[in-house]
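# Structure assessment
Here's the letter readout for the chains.
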Amino acid sequence: MTASDRARELALAAAQAAADKKAQDIVIIDVADQLVITDAFLLASAPNERQVTAIVDAIEEALVGLPEKAKPVRREGERAGRWVLLDYVDLVVHVQHSEEREFYALDRLWKDCPTIPFVDRDLVEAEAGIAE
């Protein structure tokens, strides 16, 4: 069983919002086969607390702006700004300070799970502009 279409929609919209705020190392992990509580994890990191907060705000804004609005059922870690978790049921977003990302290594913890491809649209547009 793979992530639902809704989980993919949320994950890709959230990933693009994170990319728009210059998040680093954006990865979407399909955990549907391993967990019953969610279908996908979005991991993103930033070098400072202010940028972590900006990325989280952008993700929330993007997902509430979808045709089928999405609001997190739970938010954790906002006060410290080092690791913020947004739970959308189908998708769990982890925006981490780069140091936390390296230390907790969620990427390695879930390395056996497939990833959902994500390409920043700005990179696609930039490459298209170069090719012209």
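Above this text you will find the structure in question.
The following paragraphs examine the structure supplied in this document.

Parameters and conventions
All chains use their own residue numbering, which begins from 1 and follows the written sequence. Restriction of local features to residues with pLDDT of at least 70 applies here, the model being predicted, together with a cutoff of 80 or more for giving and counting side-chain atom pairs; totals for whole chains, interfaces and linings are based on all residues. With hydrogens and water set aside, each side-chain value is computed from the structure's full complement of heavy atoms. Every helix listed is a DSSP run of H or I at least four residues long, and every strand listed is a run of E at least two residues long, numbered separately from the N terminus. Atoms counted for the radius of gyration: C-alpha only. Globule rule: 2.2 Å times the number of residues to the power 0.38. Exposure is judged per residue with a 1.4 Å probe applied to protein chains only, and the accessible area is read against the type maximum: over 50% gives exposed, under 20% gives buried, and values in between give partly exposed. Working rule for contacts: check all heavy atoms of both residues, and any pair within 4.5 Å makes them a contact. Method for areas: the Shrake-Rupley scheme with a 1.4 Å probe, in which residue coverage is limited to the protein chains shown. The sign given to each residue is positive for Lys and Arg and negative for Asp and Glu; His and the chain ends receive no count. For charged residues, the charge sits on one atom: NZ in Lys, CZ in Arg, CG in Asp, CD in Glu. To get an axis, a line is fitted to the C-alpha atoms, and for a helix only the part in contact is used. The angle between two axes follows their N-to-C directions and goes from 0 to 180 degrees. With respect to orientation, any angle under 35 degrees is reported as roughly parallel, any angle over 145 as roughly antiparallel, any angle of 65 to 115 as roughly perpendicular, and every other angle as oblique. Crossings are classed by handedness, with left-handed meaning an anticlockwise turn of the near helix from the far one by less than a right angle and right-handed meaning a clockwise turn. By the convention adopted, Pro, Cys, Tyr, Trp, Phe, Met, Ile, Leu, Val and Ala count as nonpolar, Lys, Arg, Asp and Glu as charged, and the other residues, Gly among them, as polar. Only buried residues count toward a nonpolar core, which is a set of Ala, Val, Leu, Ile, Met, Phe, Trp, Tyr and Cys residues joined through side-chain atoms within 4.5 Å. Geometry of aromatic contacts follows a simple scheme: Phe, Tyr and Trp rings, the Trp one being its six-membered ring, pair when their centres are within 6.5 Å, and the pair is stacked under 30 degrees between planes, edge-to-face over 60, tilted otherwise. Each polar contact in these results corresponds to two N or O atoms within 3.5 Å; when the atoms are within protein, one needs to be able to donate a hydrogen and the other to accept it, and residues that are neighboring in sequence are counted only if both atoms are side-chain atoms.

Counting its secondary structure elements, the chain contains five helices and five strands. Taken against the 2.2 N^0.38 rule, which gives 14 Å for 132 residues, the C-alpha radius of gyration of the chain at 14 Å falls within 12% of a compact globule. Of all 132 residues assigned to the chain, the portion counted as buried reaches 45%. Counting contacts in the chain only where the partners sit at least 6 residues apart, residues at least 24 apart contribute 61% of the total. In the structure as shown, the chain presents an accessible area of about 7,600 Å², 53% of it carried by carbon and sulfur atoms. Of the charged side chains in the chain, 15 are positive and 26 negative; the average position of the first set lies 5 Å away from that of the second.

A separate point is the packing of helix H1 (residues 5-20) against helix H2 (residues 49-64). Packing of H1 against H2 leaves a shortest axis separation of 8 Å and a crossing angle of 135 degrees. Relative to H2, the element H1 is oriented oblique. Considering how the two elements wind past one another, H1 and H2 form a crossing that is right-handed. For the pair formed by H1 and H2, the contact residues are Leu10, Ala13, Ala14, Ala17 and Ala18 on the first element and Ile55, Ala58, Ile59, Ala62 and Leu63 on the second. The residue inventory of the contact of H1 with H2, partitioned by class, reads 10 nonpolar, no polar and no charged.

Next up on the list: the nonpolar core. Among the nonpolar cores identified, the biggest contains 32 residues, and Ile26, Leu42, Ile59, Leu63, Tyr88, Leu91 and Val93 are the most heavily contacted of them. Those elements that place two or more of their residues in this core are H1, strand E1 (24-30), strand E2 (40-46), H2, strand E4 (83-87) and strand E5 (91-97). Residue contributions to this core peak at nine residues, all from H1.

Throughout the structure, instances matching the rule amount to three aromatic pairs. An angle of 50 degrees between the planes, with centres 4.9 Å apart, marks the rings of tryptophan 83 and tyrosine 104 as tilted. You can see tryptophan 83 sitting in strand E4 and its partner tyrosine 104 sitting in helix H3 (residues 98-104), a full 21 residues away along the chain. Pairing phenylalanine 103 with tyrosine 104 gives two aromatic rings, centres 4.9 Å apart and planes at 85 degrees, and the pair type is edge-to-face. Residue classification places tyrosine 104 among the partly exposed residues on the basis of a relative accessible area of 44%.

Tracing the sequence through the fold places glutamate 100 in helix H3. Here the alpha-carbon distance between glutamate 100 and tryptophan 83, two residues 17 residues apart in the chain, equals 7.1 Å. With residues up to four places along the chain from it excluded, the contact list for glutamate 100 reads Arg82 and Ala105. There is a polar contact of 3.0 Å between the side chain of glutamate 100 and the side chain of arginine 82.

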